Amino acid sequence: MARWHAVAASLREAILNGTYRPGDTIPKEEELEKLHGVSRSTIRRAVAQLSAEGLLTPVRRGGTKVRERHERNRITRARTVYRDERGYYFDPAARPWTALRPPVVRWGPAPHDIAHSLGIEPGTEVLIRDRVMGDPQTGDPVQLATSYLPADLARNTVLAEVDTGPGGIYDRLEEAGHAPLQWSEVVVASAPSESEATSLKLAPGVPLLRLIRTTRSADGQILEVNDCRMSGERWEIGYDLPRSHGAESGR
């Protein structure tokens, strides 16, 4: 094992076991040099690695501190679609969130994974609707929600307008004859882009938690893919697990 790997592993363990707690300043570089018997450059590389992992953060004229972490909140997915006066929503935890600014609507190429979900070639032009969702009282951004719609479905329709009217794009899709809409969802994780990290105020090393939801018409046509991104540090996804008839106790 390279020396900086060993130093990083030792510091990581001390952080995870609580020897260094959130907000604590870790020992100075010269102290760590003596403790581990390595060079200054080795210490700096180890600290840089832990900073990239989101465990440490440098503070100007304040040393290097163990980063404070948000308490993780749970979103319990009940595999249920809800509706209120604003339209459809997909879990009670997200119901209070609103768009913090008008959506950004544009035409552009479909990313590789989204194109796969839409059943089109990567790079094919689609309608893209970007929203930043969050707490309307504090203005705290919680979720980035991007809808991708096939061009032949959305071009020259209200779907391409900033304001799509009451109920949003789902009501418009149902009014266009695609009712009743059907949804499926997968949960994945990925590294954030620079703009995503900035929008969600993510510290270095914090991954994105992504809920990718596909909307289909009653006859199975893919109408939209919605990519919701949240902090993987602040949120976790939970599911209730009902017992099937075949899993009854043998007692």
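These figures come from a predicted structure and were not determined experimentally.

**Q** Describe the packing of aromatic side chains, and please don't skip the residues or the numbers.
**A** All chains considered together, the criterion is met by five aromatic pairs. Ring geometry for Tyr82 versus Tyr89: centroids 5.4 Å apart, planes at 20 degrees, classification stacked. Relative accessible area serves as the criterion here: at 24%, Tyr82 is assigned to the partly exposed category. Ring pairs connect the aromatic residues Tyr88, Tyr170 and Trp183, which therefore count as one cluster. A cation sits over an aromatic face here: Arg83 above Tyr88, 4.7 Å from the ring centre. Sitting above the plane of the Trp107 ring, Arg155 keeps its charged end 4.2 Å from the centroid.

**Q** Please give an account of the nonpolar core that cites residues and values.
**A** Nonpolar side chains in soluble globular proteins generally cluster together in the buried interior. Leu11, Ile15, Tyr20, Ile26, Leu50 and Leu56 are the most contacted members of the largest nonpolar core, which totals 16 residues. Sorting the residues of this core by element identifies helix 1 (3-16) and helix 3 (40-52) as the ones contributing at least two each. The leading source of residues in this core is helix 1, at five residues. Leu50 has contacts with Ala8, Leu11, Arg12, Ile15, Leu55 and Leu56, leaving out every residue within four places of it along the chain. In terms of nonpolar packing, the next biggest core, distinct from the first, is built from twelve residues, Ile75, Ala94, Trp97 and Cys228 among them.

Quick notes on the rules
- Residues numbered from 1 in each chain as written.
- Predicted model: local features only at pLDDT ≥ 70, side-chain atom pairs only at ≥ 80, totals over all residues.
- Heavy atoms only, no water.
- Phe/Tyr/Trp six-rings, centres within 6.5 Å; stacked < 30°, edge-to-face > 60°.
- Buried < 20%, exposed > 50% of the residue type's maximum accessible area, 1.4 Å probe, protein only.
- Lys NZ or Arg CZ within 6 Å of the ring centre and 35° of its normal.
- Core = buried A, V, L, I, M, F, W, Y, C linked by side-chain atoms within 4.5 Å.
- Helix = DSSP H or I, 4+ residues; strand = E, 2+ residues; numbered from the N terminus.
- Contact = heavy atoms within 4.5 Å.

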